[in-house]
Structures are given as C-alpha cells and as structure tokens.
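A closer look at the structure
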Amino acid sequence: MIAVRKQGYLMYFVSMVTITMCMMAGFGRAFQVGIQRSPSFSAMKSTMNNNRRSKTWGYVNNSVKIMMSTISTDTDVDVQSLKGVDFVRNAIVEVLNKEFDYEEVARNVALAKLEPKKKKQKKKKKKKNADESSSEQTNEEPEAKVLSEEEKQAIADAAAADAVPFNTQDTMVTPATKDEFGDYQCNAAMGLARNVNLSPRDTAQKIVDGLQPLIGNVMEEPEIAGPGFINLKFKEQYLSSALTTMAKSNRLAVPITSNKQRIIVDFSSPNIAKEMHVGHLRSTIIGDTLSNLLTFMGHDVTRLNHVGDWGTQFGMLVEHLRTEFPQALSTETSQDIDLGDLVTLYKAAKQRFDQDEEFKTRARDTVVKLQAGDEESLTAWKSLCQASRNEYDKIYDTLNIKGLTERGESFYNPFLSSVVSDLEEQELAVPTEGAKAVFLDGYTGRDGTPLPIIVQKSDGGFNYASTDLAAIRHRTEFEDGENADRVLYVTDAGQAQHFQMVFEVAKLANFVPKDKKVSLEHVPFGLVQGEDGKKFATRSGDTVKLRDLLDEAVNIAAADIQSREDSTIDKDQLQSVATTVGIGAVKYADLSMNRESNYKFSYARMLSLNGNTAPYMLYSYARICGIVRKATGFDSADENAKMEWPEPAKEVLLTHESEVALVRNLVKLPDILNEVESELYPNRLCDYLFETSQKFNKFYENCAVNNAETPELKASRLTLCTVTASTIKLLMGLLGIEVVERL
C-alpha cells in the first residue's frame, strides 16, 4: 500500500514538475505535447478535470474573386517558389532535430528546474518586540521538499520519454525588427544553449552551419549578432526572381491554402425595425474584410447576418400595426404597404406599450400568437422584416457589402426547446428562481455569487444564449447544417464573456462534434468615440445614424476634391469618385486601428492625404497609374479608357538600395496574409499597405522610370511599379475599398 501511494505521488510530481518546466522553457510546446500523450498524464488530467472545469475553450483553433487587372495572367507560375517565414521556420526545425537531441534537452530542462532557487537577501529589520518576532517566524514559507538523486533522475527520465521532436514554434523566428537586421530573425539559440551545454553564440553557430545548405540558394549567409541572435537576409538574386514570379501570377504568387476549411463569419447583425447606427459599422466592415481575405486564401466562406428578428418586442410592433397599418396583416395587401420611417414607428409603439396597459396586454398576447404561428401576426412580422431589409440593403450597397446571407434569430426558433432539454438531460441546466440556467465553474458576479448563463426565462421564453447555442449546433453539429470547421463572431468587446460562456457550454454539452476540430472564435472590437473621447453622438445626444454618417463623408470628400487645384476629376465623375473616397475613408479609418481598441471618429483625419489613410493609399495607386501611363505613352484624354499595363520585364534589375527595400517588402505579402488569416487583425493589412506606399515613394524619388538609363532598366522599374500597384489594389479590395486610376 505504501509502495503504491509513493509511486502515485512520484508520477503525479513528475508530471506536474515536467509540465511546469515545459511551459516555462523556451522549447516548451514540443515537450508539452509529448507529455500530454503519456498514460500517466492522461490519468492525472482526467482526475483534475473532474475536480475543476477549465474556462479555456478546448477546440483548436459565395467566393469573392479579387483578380489583378494590373498584372499578366497568361503565365502559369510555380507560386511555391516564393519563400517566406514558413520556409525559414521549416528549415530551422530540420536543423534543430538533426543537430540536437531533443530528449536530452528535455532531460536538462527538467534537471535545471529542480535546482534550488537562490533566495534574495532581504535587509534585516529591527524587531520591536517579541510578539512581532513570533509573528514573522510564523509567516515564514515552509522549506521545500528536498528530492533525492533517484527522484530527480526519475523526473528527468519522464521528461525525456515524453519529449517530441522540435517544431516550428521552437524556432522562435520573427520578422526582423529593423531593416539593417535583414528579413527574419531567429532567437532560438539563447533558450537552447543552457540545455545543450554550449554558449549561446556556439549554439547559434551550430544552427547556422546546418542551416546554410538548406537556404543558401535563397538567403545570404546567416549573421550571428549580439549574444546569439541569427539574422537572415534574402539574396538580391532571389528578390529579383521573386518579383518576376509575382508579376506573372494573377494572385501575386500568394498560394491557395492547402488546408481548406468551411468558415462561417457572423457579422453586422442589425435589429429589425431599428435603424443601423455607427456600432453596426465596425461589425459590418471588419466581418466583410475577414470574409474577403479568407475567401482569397482559398477557404469556403459563408457570410451570415444574424439579424434580431425575433423576440417580445415584435408583439408590441405587430399590435401597433394592427391599428395603424391594418393592411400589413393581410397577405393580399402587405406587399404594397409603405411603413415609412421604421424608427418613428418603433418609438410610437414603445410609447403606447409604456403608457397603455390594455395595449401592453394585447402586445403580450400577440407574442404568444406569433410564436404559435398565427397567420395575421406572421404576415405583419414579415412586413416589418422586409421594410427593415430594404433599408439595410441601401446601407450594404453603399458599403459594397456582397454575399451576406440573412439568418435571423427566428431561423433557430424550432431548435430552442431541444437545446434546453438536452442540457437538462446532461444535468447541465438546472432550475433557478423559475428559470433554467447553466452554472460554470469560475464565473461569478460582482458580489461573488455564481454567475448563471440563463437558457430559458421564468416565463418560458428563450434568450440570446439559447439562440446562440442552437446556432452553434446548426453550424457545426447538424448534418443538414453548415458543417463548419471555424466560426467567427464579429461583435463588440462587451459581449466577450457571453460568448466565452456560450462556447464553454457548447463544449460541455457536446454540441460541437468531437470527431473533428472546430474553432469557435469571438472577434471583439472596441467603441467608436467622438473626438472628445466620449460616446459618438449627435449634438442632441442621439445615436448617430449610419446613413447620415456615410452621406456626410461623401459630401466632405466631394467638397475636398473640388477645392483642389490639381484635381483631374470632372463633374461627371465627381460623385462616383467622392463616394469611393468618402466611403473608403470611413472604412479604412476603422480597419487601420487595432480592432480591440476604441477609436475617435474624425472626418478631418480620415480624409487627410497625409498618413495612413484611404485617400493617401488611393492617391498612391493613382500616382502609379499616372507614372505607367506616361511611361507607356498611354496618356489618353479619354477618362474612361481602360488602363493598359506593361508586360513583365524579362529580368528585374535592382540597382539602388530603395529598389531592394521595396522588393523586400513586396515579397512578404504572403506572410502578412497568412498572419491575418490566423490572427484576424485587419489593421496589419493597413500597416503593410502604408509601409509599401512609403517605400515606393522613396524608390520613385531615387530611381527614374521614364528616363531610366537603359530600356532594360525602364522595363524592370515598370514591373516594380506594376507589382506595387497590384499589391495596393489587392489589399484595398480585401478591405472592401475600390481604387481609382485618377484622383
């Protein structure tokens, strides 16, 4: 019995220490995966999960074609020839596994963590009396258990046995922090050195020696800097070849993903009979951008608009229509009725509901009729939905939002009862004050009491949580549903806890298939504020209507274009260009910010020609178009004439450092797109756009295009102009912003 208990304690201690060490060490991911595969760890993990549920969501993380009219599409090129951060990481993984024993590294990590920590010397304070002395002695930390050599070796052996080979996370490769450091930087040597009994620089040298044969045809000889940083820099010959590859590809040599997924992006989500406001702007344009990018990368993307079209408020609205617009209740006349301003209608209905008890009673009865499928009530409800839809579509047309499928709360109504009953069968949902709720470990209110997630109200009605759970089942579990691999919810940050709890309940209830990895991800965003940092509102304090905001942006853009002496836009084109600039400015100002941050709305700032703004990017594109028109002799007086782009040069010649800097930036396009595909921050597209435009300006300042020294150099620089323009056009398109060839 004693032997069994001792063995159990030792296995538990081995696992716990090893997990801690692996998570803290520079190469923790590889070892952690191996440990989790071991029987001892699995048994311990099961026991721990029975005692405490984790708050962490346990699942791993029609087509929009954006073609490049600025580049040749005749040549089928090998897009795999374009190298990036993944190429570097994979090469370093190969070196690490060849040059270092990962089991021995795991063993050394374990032993190092078992060494006693040196205590920091504390200044001694004079004790005033014996009581204080006794108190301080009582509060001293107990001595840590001293392990025998046998126990230490057992822990080291367990770490070695559970270790797995190095992987890409162990390479610690990042983009170079400064241009002079090259293109990429590997920081693996410092963390690895102490566990292979070498100095950091000797460890780095060993990595470099093994790396050079693998990357030598693409990169210069790696440089070891400082204590052991490894700097990696593309060869100019490779850069020249890579730019040619981009110029000949209709995707700028960005490969289509080899891991195609079915992805749902849930965004916009306005409420029926309420006007869209500035809060809907962020969800709509962030969701649209992510959908565009994921589609471009080759995924099967479904854009869902989870509109608020169901709930108790519709009893109030339908009953109001019954007296004010009776035609709306008949299928024969409901199609012809104009409900007018829906916001005014909603306010009138709400006022009657608050002031007239008889109306309130009828409204509540109508909710029951509506949920039971009463024909008149449903007809009136459909009239409200259609009137709202007509207004939303005007906004979506202005914002150029395409392919958005409406899937309102009402769609999931048939599934709500089964959600609650299934939760009850699994003893997850329990009665509480007449309602039914799920209590999750680790969630408490401000007063410290357990925080429930209510799935059915005391009156028998359902709420957001029950609808969202039903939606998850339809999107991931049901055979006739979307069968998604990844679901993104683009909503404000204030709903973060709601989705965290909903995702966890879905996991616990097995509403997500266990036989495949499905990722449910909340994509939060911050608030839109006025320039004073307060809530963005009208002078009267009302919420700013999105329609008014967009119209004002277009009007300001038109006035600005007309006021410019160098403008080439005539009156016939003014409205079209002003719409592109104004709407683009609103979108870009939002998307250029970290989506989780609040941002201050300023027409002056977003319409500025200076800085990281849409007008700046549009002007950059138009400027390149002008350069190419002049160089190719295509300076047509016809404003509507289609732009003619030159064929790619036979060879790209890099004769100036500004050319090299621009190409270094352009070839990293796949890296940027892959990063946003994974992490979902559109502002990184804007940062890359701005950097590309700045580097192009430096190139154009230093390198003549029209007056290049030789025809070959002129052709080369025109190719550089064309690829830059293609990159701007592609990324602006992903952001949902059209470009203009003249401005």
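Thresholds, definitions, all that
- Residues numbered from 1 in each chain as written.
- Predicted model: local features only at pLDDT ≥ 70, side-chain atom pairs only at ≥ 80, totals over all residues.
- Heavy atoms only, no water.
- Helix = DSSP H or I, 4+ residues; strand = E, 2+ residues; numbered from the N terminus.
- Buried < 20%, exposed > 50% of the residue type's maximum accessible area, 1.4 Å probe, protein only.
- Phe/Tyr/Trp six-rings, centres within 6.5 Å; stacked < 30°, edge-to-face > 60°.
- Lys NZ or Arg CZ within 6 Å of the ring centre and 35° of its normal.
- Pairing = 2+ DSSP bridges.
- Axes fitted to C-alpha atoms, helices over the stretch in contact; angles between N-to-C directions.
- Contact = heavy atoms within 4.5 Å.
- Parallel < 35°, antiparallel > 145°, perpendicular 65-115°, else oblique.
- pLDDT = per-residue confidence, 0-100.
- Right-handed = clockwise from strand over helix to strand, strands pointing away.
- Expected span 1.5 Å × (residues − 1).
- Salt bridge = Lys/Arg side-chain N within 4 Å of Asp/Glu carboxyl O.
- Polar contact = N/O pair within 3.5 Å; in protein donor to acceptor, adjacent residues only side chain to side chain.

Description of the overall build of the protein chain
Across its full length, the protein chain holds 26 helices and 14 strands. When burial is assessed residue by residue, the protein chain has 49% of its 743 residues classed as buried.

Looking at the packing of aromatic side chains
Considering all chains together, one arrives at 15 aromatic pairs under this definition. Residues Phe601 and Tyr603 carry aromatic rings whose centres are separated by 5.0 Å and whose planes lie at 90 degrees to one another, so their mutual orientation is edge-to-face. Each residue in the set Phe411, Tyr412, Phe415 and Phe478 is aromatic and connected to the rest through ring pairs, giving one cluster. In this structure, Arg251 packs its charged tip against the face of Phe296, placed 4.1 Å from the ring centre. It is Arg595 that lies over the ring of Tyr681; its NZ or CZ is 4.0 Å from the centre.

A look at the sheet that holds strand S4 (residues 229-232)
Taken in spatial order, the four strands make up an open sheet running S1-S2-S4-S3, and their pairing is antiparallel. Bordering the open sheet on either side are strand S1 (173-175) and strand S3 (223-225), each of which pairs with just one other strand. Direction aside, the axes of adjacent strands within the sheet are offset by 30 degrees on average. Both S1 and strand S2 (residues 184-186) contribute to a ladder of three bridges, which runs antiparallel. Bridge pairing in S2 places Val173 opposite Cys186.

Remarks on the sheet that holds strand S9 (residues 435-444)
Spatial strand order, S8-S9-S10: three strands in an open sheet with antiparallel pairing. Here the strands that pair on one side only, and so sit at the sheet edges, are strand S8 (429-432) and strand S10 (450-456). With strand direction ignored, the average angle separating the axes of adjacent strands in the sheet is 50 degrees. With five bridges joining them, S9 and S10 adopt antiparallel strand pairing. Paired with Phe439 across the strands is Pro452, a residue of S10. Strands in contact with helix H18 (residues 496-508) are S9 and S10; relative to S9, the strand with the most contacts, it is inclined by about 105 degrees.

A short note on the pairing of S4
Side-chain positions along a regular strand alternate between the two faces of the sheet. Of the strand pairs in this sheet, S2 and S4 are connected by three bridges, and their pairing is antiparallel. If you follow Tyr184 over to S4, its bridge partner there is Leu232. Bridging between S3 and S4 involves three bridges; their strand directions are antiparallel. Bridging from a neighbouring strand, Ala225 pairs with Phe229 of S4. Hairpin connection from S3 to S4: three residues lie between these consecutive antiparallel strands, with Gly226 at a positive phi of about 60 degrees.

Considerations on the side chain of Asn305
As for its placement among the helices and strands, Asn305 is situated in strand S6 (residues 300-305). Overall, the relative accessible area of 4% leaves Asn305 in the buried class. Every residue in contact with Asn305, bar those within four places of it in the chain, is listed here: Phe267, Ser268, Ser269, Pro270, Tyr396, Leu404, Thr405, Glu406, Arg407 and Gly408.

Some words on the packing of helix H12 (residues 313-324) against helix H15 (residues 375-399)
Close contact between H12 and H15 brings their axes to 9 Å; oriented N to C, the two are set at 100 degrees. Between H12 and H15, the crossing angle belongs to the class labelled roughly perpendicular. Between H12, through Phe314, Leu317, Val318, Leu321 and Arg322, and H15, the contact on the second element is made entirely by Glu376, Ser377, Ala380, Trp381 and Leu384.

Overview of the confidence of the model for the protein chain
When pLDDT is averaged along the protein chain, the result is 84, and 83% of the positions lie at 70 or above. Every residue in residues 72-79 scores below 50 in pLDDT, and together they form 16 contacts with partners more than four places removed in sequence or on other chains.

Focus: the pairing of strand S11 (residues 486-492)
Counted residue by residue, S11 has six buried out of seven residues, so it is predominantly covered. Where strand S5 (residues 262-266) meets S11, four bridges bridge the pair, whose relative direction is parallel. Each bridged residue has a counterpart across the sheet, and for Ile263 the counterpart in S11 is Arg486. Pairing between S11 and strand S12 (residues 519-525): seven bridges, direction parallel. Looking at the pairing, Thr491 lines up with Pro524 of S12. Once you follow S11 into H18 and on to S12, the crossover reads as right-handed.

What to know about unusual backbone geometry
Among all residues except glycine, the phi angle is most often negative; among peptide bonds, the trans geometry is most common. Positive phi outside glycine occurs at Met172, with the angle close to 55 degrees. Following the sequence through the fold, Met172 ends up in the loop between helix H7 (149-162) and S1. Notably, Asn483 is not glycine yet its phi reads approximately 50 degrees, a positive angle. Examined against the element boundaries, Asn483 turns out to sit in the loop between helix H17 (464-477) and S11. Using a relative accessible area of 24% as the deciding quantity, one classes Asn483 as partly exposed.

Here's the deal with H7
Along its 14 residues, H7 runs 20 Å from first to last C-alpha, staying within 8% of the 20 Å computed at 1.5 Å per residue. Of the residues making up H7, those classed as buried are Glu151, Lys152, Ile155, Ala156, Ala158, Ala159, Ala160 and Asp162.

As for the pattern of salt bridges
Pairing between side chains of opposite charge can happen when their charged atoms approach one another. Scanning all chains against the criterion turns up 30 salt bridges. Through salt bridges that share partners, Glu319, Arg322, Glu358, Arg362 and Glu376 make up one connected network.

Some details on helix H22 (residues 614-632)
Here H22 spans 27 Å end to end across 19 residues, near enough to the 27 Å set by a 1.5 Å rise per residue. In terms of burial, H22 is largely enclosed, as 14 of its 19 residues are buried. For H22, the N-terminal capping position is held by Thr613, with its side-chain oxygen 3.3 Å away from the main-chain nitrogen of Tyr616. Gly633 occupies a position one or two residues after H22 and carries a positive phi of about 75 degrees.

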